[in-house]
Amino acid sequence: MHRSGSANSLDGGSEDGDAFYGQFDSSRDELTMDESSHQESSLEPSLTNSERQDPSVVTSTLMRGGMSLRAPSPRLAIIVGTRENRVISIEFSIKPDSLVLERRKFFVGPEERTYFEPLPSSRLTKVQQKSKAPSKTTRRSSLTHSLTHSSSSLDSSSKKGVVPFEPSGGVTTLVAYNLWREGRPRTHVWISFGDGTAIRLHHAGFFPSVWQKHLESENSDLQLAQKVLGEPLVKWKAMLPPMPDSTVTYIPLPKYHPSPLAPFPAWKRPEFDHPTAEDEKLDEYQDEVYEAAVYCSGAMADVFPTLAFYTSEDQFESRIHNDNLLEDVQEEEEYGIVGSVIGGIFGSVFGSSITKKNSSPDLAEDVAKAAADDKESWDPSVPFPDMNLDPVKLYAGYEIHDPPRQIIYCTIDPEGDLAAIADTLGRVSLVDLATKQIIRMWKGFRDSVCHWIQYPRSTSETPWLKNKVLYLVIHSRQRKVIEVYRTRHGPRVKTIQVGRDAQLISSRELTKEGYVSNCYIVHSNVPHSPLNKIQKIEFSESEQTGNLTSRSRSLLPPDSPHHKSAQDAAMKLNHLKQLLDETNVECESGDVFRALENIDSIEDLATILDFVAKAPTLEGRMGVEGSTFQKLAVSYCEQKLDEAISAGGKEAESNPHIQRLAFKIAYYTQISAAYDALHRYEVQRDESEEALELAAPSIWSVEAAGWTAAYEKITKRLVDDDCVESPKEPLHFHSFAAACVPPKDWMEAVYDLKRGGYKVYLSDSSKTRKEILVRIFKPLLGDVFSFKVVNQLFDALGIGKDYDYLLKCFGEWFTSLSVKDSTTKSIFAKDSPANRWLKELAVPQIQKAAETDTPPMQSLYDYCSSSEELVRVFWLATLCREVVYQASTEMEDETYGKVSKDTSVGSWDSLLRKLRVCLFVSLRLYGQQLGACPISIKAVEKGDNFSVFEWLARDELSMTQNNDEIISLENACRISNHSFDPSKEEGDDRFKVLQKSCFSSALSEDERAEYLVDFDDDDRLGAMLLFMKPHNIPDMLVAHRTLLLAHRWGKNPADLTILHSALVALKSIDPVEHKRIASSLRLDIWQSRVRPVYRALLMGFDDVQEVSQEIVAPLFHDPEWVKALNEIAAYVLDLLAEIKWHESERIDLWDTDYDEDSSTWPPVGDCVVLKRLVKRNRAIFESALDAHRMLLKALKLSKNISSHSQCIPSFYDLFTPSMMFNNAVSHPEEEEKQHSFLQEAIVTYARNYEGPNLESLSLGEVESLADLWEFDMVNVRTLFLLSMYEFGKDNIVDEVLTKSASLVSVQHFCDDGVEIICRRLDYLMGEESPFDVSNVIGSLDADMCDWVREKAEESDPLVDGGILDVPIGSTHLFGLRLLSLAASAEIAKDERVKIHSLIVLSGTIVKSLEDETASSGT
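Please read these numbers as outputs of a predicted model, since none were measured by experiment. (Residues numbered from 1 in each chain as written. Predicted model: local features only at pLDDT ≥ 70, side-chain atom pairs only at ≥ 80, totals over all residues. Heavy atoms only, no water.)

1. What about the pattern of salt bridges?
- Throughout the structure, instances matching the rule amount to 56 salt bridges.
- Across the salt bridge formed by aspartate 591 and arginine 594, the nearest N and O atoms sit 2.4 Å from each other. With aspartate 591 and arginine 594 both in helix H16 (residues 589–597), this residue pair falls three residues apart, about one helical turn.
- A relative accessible area of 28% means that aspartate 591 is categorised as partly exposed. (Salt bridge = Lys/Arg side-chain N within 4 Å of Asp/Glu carboxyl O. Helix = DSSP H or I, 4+ residues; strand = E, 2+ residues; numbered from the N terminus. Buried < 20%, exposed > 50% of the residue type's maximum accessible area, 1.4 Å probe, protein only.)

Take a look at the structure:
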């Protein structure tokens, strides 16, 4: 048996909380110690001698029903799993005669232990500590990971490594199943943990006496310890995806079912020539396949499959690489199959199946052999060394997706063929584990658990059938019922009504057919309760067959009496139903009654009363008047009921069919009486009702009229548009009967004759209920003599004294009236029937409220608080306030002040002021999304639906987006004398100002902008801040404006000014004073707004669901829009980079520095929107941030995406939702590619630069990208200057070269500068030169000219397309600057000489050309 409970740590520690525990009996006596060893005082139940001798007492104990005492010295182990990942076992001896438990102790040498811990975490044996493989948990990128998988080499240590047993997530499942070993069933226990780790162990391993016996043996070494149970331990782990904020449950499958995804391997197992008995025993455990059912709850439930099956079978390889299957298997055998070690399961359910392969030494033998070599003794602190080995890995196989359904309970049948799952939609499903398909489903079982019952049966005549019949037990806690069904498609065989505290317990019992599962009902877990009894669920052989279905009846012999009687009863019942259906068969009510008289079955009579009551044909086609036929049918059923009771005697009173018919008779008698009271009024009422005298309206009713007018003017619709039209024709009985609901627990319902009988309430459907309430309360709109009809009707239904329900019904009815009816016939009328009826109910309610300090008419108060129809509810609250005022005024005098008028009315005054605020906000911001749901008092007070700061921010943005203007508005409202609080008494006489202010929602933007000029003028409409002054907290308001503007840009992405305004508001939030808010806002704008757009821009819309392709894709073709977005994105990244977090800081901690204020409504408190935002805040990895910044800057320099992918770390993961929270991974050739890209960018920048002359060496985005890539800025600037000279732009950089000589590499600049001069001079002296310098060549140094030509030919230009046709004067000046730089930087003398020679050469040419120009001019 296993169930959930709570337990404390047994060693006195602080570890406590939810636990799983189970009880198991030992079935291997040869492993246990002698009965007399180490016994403790007995834990005998507190029973008297007479109780012990009473057989009924012994039979009702859990021990007697829960296990079969078949061993001469039985043992019992209680196993407990805790949230701290501990598994603890306590062993008891059982006295078969008295069923007394004696606790056994566990001795390790002289040390005495009260409990046994078979699976200690983080403990290794000595040999394991020596052979522990180094951890290989280095983080890798997805690209590196895929490359590693494709490698053919595999380190053997990764297969044989020692992995310390360190589960996490707490123990989540503890379950036992039988596995067949050596031709007999053996009980194994599965234990699973929250992280997917699981252990399977023979149940004897949990008995300390087993290990005590082994410890005292002469050969207590490790190898013997491994074989003491005859079976190894199994450890496995389900390889789940990351599941943050979620709870994953694993249910082990005791039997392996091959997945449809993985057919059996194509190869055949090699056969042994002469297999030994030891070989056959080894084969039984080798290469098992494990399987588990997995489901999830929590944050990832919508993403994770509804039900997934994880398995260790080969899912893909056998179909993809079929040719190498045998080779792969042999390779596995070379390294050793880890599957020979049994892996633990807790939280998932796994099964096993045996497929044979070549025999080879397994991992357990290797460890055992190593231990034997080192002569390591068995360590009691590590009973199972195998738990520290690599687990068998389970991967996802078959999945069932059915959102939004979430599984809350799952159980596997004892044979491992079926699974029963209960879900959040109130369904119980039966799953065939062989096909992984749902084969049956039951609905209407919310909050349910499932168990199994097996009944043994003889199969001597039907050997093809199983020897056990399986039944599914469903316990619905909500319906307080237990139902038993025969699987797979059998009928329901038993129904049991139970109490609210009842629980089910499963148990195994030994029969001649082997172990079978049974189920017991624990009727109460309350100590010393008379209901604290245990009952076994049993049913007779006929009940096992179940109710006869149409199919099973057809299998009976035609002359069977049961067949004839059942068929005859069914025909009579169907005949009556056909008469009541909408058919073309001509019949009258007499025909129906005669068909009713032919029905003899008590069960069918109870059913037919429902059909008759709700059949529209009786009143429609047959012309029956009201409830006359129903009363006739009830009378006939009473006669048949009396006959049945007379014939059956006292035993008949306990017959469930008779009890049900008696209930139906009483129920429909009440329904008929209630209907008759209403029907008489509707038939006899006078439509020409006299108008009631009107009274002077109160101040609250005047305000209600003002809100009605404001609502209709702003919304352009009438308040009465949704009113239910008053019916003219009398109500039919079948409609009234269908609108009434019988007590759900009719067997436990109280029949109070003084109060009318059972309590019969109206339908839970608001639509159906409202249609009936319009008729029930119709008399309250008539004269003063007819309103008592309402009381007569409710008294007949048995709820005349249920004032809370009546008041709630009144509220629903009143809010469905037209404004005209609610005012002229109730609120403004003197002594109206509605006021008088309500006042009668208010008097006892006021008295009750005075004693309990609650609002008078609490149910109506709650209805007004929760209703979203604010205008109508304001009228209702006005009526209630007036009624309470009148009643409490009279009672104050009668009770001599015990009932206070001011106190009674005060709560309703407060409610009306809250409604005033809700109306003001909803009309002022009409057409805007105010929060997570429609506004009401209850929704606002819940605290997590709305933010007042968001309301105010919306109002501010409706006037302007300019942040400076809004700040001025906030300051002005803070000091204005025109502000007041509408939630306080000061607003009672100024409500017209509020109502006038609401008209702003119907104005244009230009008209609303005038608030900034005359925002506090009484003749103007005023700003919302004037009426919510306590919430005027600038830091909270600007944060909401940021979010609203960002959201507004998401709807209109073409207008980047909106996003720019959001960033202006964001920048105004102090990142030091409000660090967490600023960080979460910046991250939200990046994640929800900027990131998806850029992902779509770079990678397409395939994996981007946040933006609309139709809207955003055309914008990508606008270069100016893309450029502006790039600037904004870079700015957001800069804002993210500004905030640094210390390791000890809580990033998601909500802390505010403003004072809370509960004197106003809504109170000033935590902002739910910003609090949630901060809660989602996460630390950003700096490498990921830099990678995004690199890409943005690279995009400004080049549009070549292919080159970016080679230069940017984790390029293909950038702009994904999770990238900012992971390290960016670089690849080996990245630095080389970055160097090439940057050099090309510098050259391109130099080629495109046309002026003005540079005053400083600032390269903009090139310099920023170089800084991110950590390139030497000296070299970058040097390359840029050289490129400028290569392109002949000497005049642009000559001046900055002189100023910034310290910012460049002089040596590099001089070396390449000399080559540039040489190439220019060689071009000038060559044949292609546009200048004729032939007359000058003779005067030049021939050796120097040869050196220049040689240097020019050997050098490689820095750029392609460099310009050599440069004025010789510029070249000469360039040489002079080189010489100046060389002198200042102490360049080698011979190099300076060369530069000087070039200057002389160029100077000679310049002089010659100048002389030639001068002579030609003369």
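2. With respect to the packing of helix H21 (residues 656–684) against helix H25 (residues 788–796)
- Relative orientation of the contacting elements H21 and H25 amounts to 165°, with a least axis distance of 8 Å. By the angle class used here, H21 and H25 are roughly antiparallel. Helix-helix and strand crossings are classified by hand; for H21 and H25 the assignment is left-handed. From H21, Gln670, Ala673, Ala674, Ala677, Leu678 and Tyr681 reach across to H25, where they touch Val789, Gln792, Leu793 and Ala796. (Axes fitted to C-alpha atoms, helices over the stretch in contact; angles between N-to-C directions. Parallel < 35°, antiparallel > 145°, perpendicular 65-115°, else oblique. Left-handed = near helix turned anticlockwise from the far one by under 90°. Contact = heavy atoms within 4.5 Å.)

3. Details of the environment of glycine 623
- Residue position: glycine 623 is located in the loop between helix H18 (616–620) and helix H19 (628–648).
- The class of glycine 623 is exposed, set by a relative accessible area of 55%.
- Here the alpha-carbon distance between glycine 623 and serine 589, two residues 34 residues apart in the chain, equals 8.3 Å.

4. Comments concerning the confidence of the model for the protein chain
- Averaged over every residue, the pLDDT of the protein chain is 78; the share at 70 or more is 77%.
- For the stretch residues 1–70, pLDDT sits under 50, and the model shows 171 contacts to residues farther than four places along the chain or on other chains.
- In the predicted structure, residues 370–375 sits below a pLDDT of 50 and forms seven contacts with residues beyond four places in sequence or in another chain. (pLDDT = per-residue confidence, 0-100.)

5. Examining a negative patch on the surface
- Together, Asp1070, Glu1073, Asp1153, Asp1155 and Glu1156 make up a region of like negative charge exposed at the surface.
- Mapping aspartate 1153 onto the fold places it in the loop between helix H42 (1119–1138) and helix H43 (1168–1175).
- Under the relative-accessibility criterion, aspartate 1153 is labelled partly exposed at 48%. (Patch = residues over 30% accessible without salt bridge, like charges linked within 9 Å, V, L, I, M, F, W, Y side chains within 5 Å. Areas by Shrake-Rupley, 256 points an atom, 1.4 Å probe, with all protein chains shown as cover. Lys, Arg positive; Asp, Glu negative; His and termini not counted. Charge placed at Lys NZ, Arg CZ, Asp CG, Glu CD.)

6. A word on the sheet that holds strand S20 (residues 427–432)
- In space, the four strands of this open sheet follow the order S18-S19-S20-S21, with antiparallel pairing throughout. The sheet terminates laterally at strand S18 (407–412) and strand S21 (437–443), the two strands that pair on one side only. The average undirected angle you get between the axes of adjacent strands in this sheet is 20°.
- With six bridges connecting them, S20 and S21 associate as antiparallel partners. Note on S21: the bridge partner recorded for serine 429 is methionine 441. (Pairing = 2+ DSSP bridges.)

7. Observations regarding helix H53 (residues 1368–1384)
- A rise of 1.5 Å per residue sets the reference length of H53, with its 17 residues, at 24 Å; its end C-alpha atoms lie 25 Å apart and thus fit the reference within 8%.
- Every buried residue of H53 is accounted for by Ile1368, Thr1371, His1372, Phe1374, Gly1375, Leu1378, Leu1381 and Ala1382.
- Phi turns positive, to about 60°, at glutamate 1386, one or two residues after H53. (Expected span 1.5 Å × (residues − 1).)

8. Quick word on the packing of helix H50 (residues 1306–1325) against H53
- Remark: H50 packs on H53, axes separated minimally by 10 Å, with the N-to-C direction vectors making an angle of 155°. By the angle between their directions, the pair H50 and H53 is classed as roughly antiparallel. Viewed along their axes, H50 and H53 form a crossing whose handedness is left-handed. Along its contact with H50, which presents Val1306, Phe1309, Cys1310, Gly1313, Val1314, Ile1316, Ile1317, Arg1320, Leu1321 and Leu1324, the element H53 presents Ile1368, Ser1370, Thr1371, Phe1374, Gly1375, Leu1378, Leu1381 and Ala1382.
- Classifying every residue of the contact of H50 with H53 by side-chain character gives 13 nonpolar, four polar and one charged. (Nonpolar A, V, L, I, M, F, W, Y, C, P; charged D, E, K, R; others polar.)

9. Some remarks on the pairing of strand S4 (residues 75–81)
- Extensive coverage of S4 is indicated by the burial of six of its seven residues.
- Connecting S4 to the next strand, strand S5 (residues 87–95), in antiparallel fashion are five residues, including asparagine 85 with a positive phi near 70°.

10. Description of the sheet that holds strand S24 (residues 481–486)
- In space, the four strands of this open sheet follow the order S22-S23-S24-S25, with antiparallel pairing throughout. Only two strands of the sheet have a single partner each, and these edge strands are strand S22 (448–456) and strand S25 (492–497). On average, each strand axis in the sheet is inclined to that of its neighbour by 20°, with strand direction left out of account.
- With six bridges connecting them, strand S23 (residues 468–476) and S24 associate as antiparallel partners. Pairing of serine 476 across the sheet is with valine 481, part of S24.

11. Thoughts on the pairing of strand S14 (residues 291–298)
- The buried fraction of S14 amounts to six of the eight residues, a majority that puts the element mostly inside the structure.
- Strand direction decides the pairing type here: strand S13 (residues 246–252) and S14, joined by seven bridges, are antiparallel. Among the inter-strand pairings, threonine 249 is bridged to a residue of S14, identified as tyrosine 295.
- In the sheet, S14 pairs with strand S15 (residues 307–311) via four bridges, with the strands oriented antiparallel. Residue pairing in the sheet places alanine 293 in a bridge with phenylalanine 309 of S15.

12. Topic: helix H31 (residues 901–924)
- Given a rise of 1.5 Å per residue, 24 residues ought to cover 34 Å, and the 34 Å separating the end C-alpha atoms of H31 matches this to within 8%.
- Burial within H31 is extensive, with 19 of its 24 residues counted as buried.
- Its side-chain oxygen 3.5 Å from the backbone nitrogen of aspartate 902, serine 900 forms the N-cap of H31. (Polar contact = N/O pair within 3.5 Å; in protein donor to acceptor, adjacent residues only side chain to side chain.)

13. A few points about the environment of alanine 301
- In this fold, alanine 301 is placed in the loop between S14 and S15.
- Taking the C-alpha atoms as reference, alanine 301 lies 9.2 Å from valine 248; in sequence the two are 53 residues apart.
- Ignoring sequence-local partners within four residues, the contact set of alanine 301 consists of Cys296 and Gln406.

14. Notes on unusual backbone geometry
- Across the junction of tryptophan 1161 and proline 1162, the peptide omega takes the value -5°, indicating a cis bond.
- Mapping proline 1162 onto the fold places it in the loop between H42 and H43.
- Of note, the bond from glycine 1251 into proline 1252 is cis; its omega dihedral lies within 30 degrees of zero at 5°.
- Inspection of the secondary structure assignment puts proline 1252 in the loop between helix H46 (1230–1248) and helix H47 (1261–1268).
- The phi dihedral of lysine 436 falls on the positive side, at around 60°, and the residue is not glycine.
- Looking at where lysine 436 falls in the secondary structure, it is placed in the loop between S20 and S21.
- We classify lysine 436 as buried; its relative accessible area is 2%.
- Notably, aspartate 447 is not glycine yet its phi reads approximately 55°, a positive angle.
- Mapping aspartate 447 onto the fold places it in the loop between S21 and S22.

15. Quick look at the nonpolar core
- Grouped together as the largest cluster of nonpolar side chains are 271 residues, with contacts concentrated most on Phe777, Phe810 and Trp951.
- Looking at this core element by element, the count peaks at 13 residues for helix H30 (residues 870–894).
- Not counting the four nearest positions on each side in its chain, phenylalanine 777 is found in contact with Val790, Phe794, Leu806, Cys809, Phe810, Trp813 and Trp837.
- Of all hydrophobic cores here, the second largest spans 19 residues; its members include Ile79, Val189, Phe206 and Met387. (Core = buried A, V, L, I, M, F, W, Y, C linked by side-chain atoms within 4.5 Å.)

16. Here we look at the environment of histidine 1308
- Relative to the helices and strands, histidine 1308 resides in helix H50.
- Judged by its relative accessible area of 28%, histidine 1308 falls in the partly exposed class.
- For the pair histidine 1308 and leucine 1282, spaced 26 residues apart in sequence, the C-alpha to C-alpha distance is 9.5 Å.
- Not counting residues up to four positions away in its chain, the partners in contact with histidine 1308 are Thr1278 and Leu1282.

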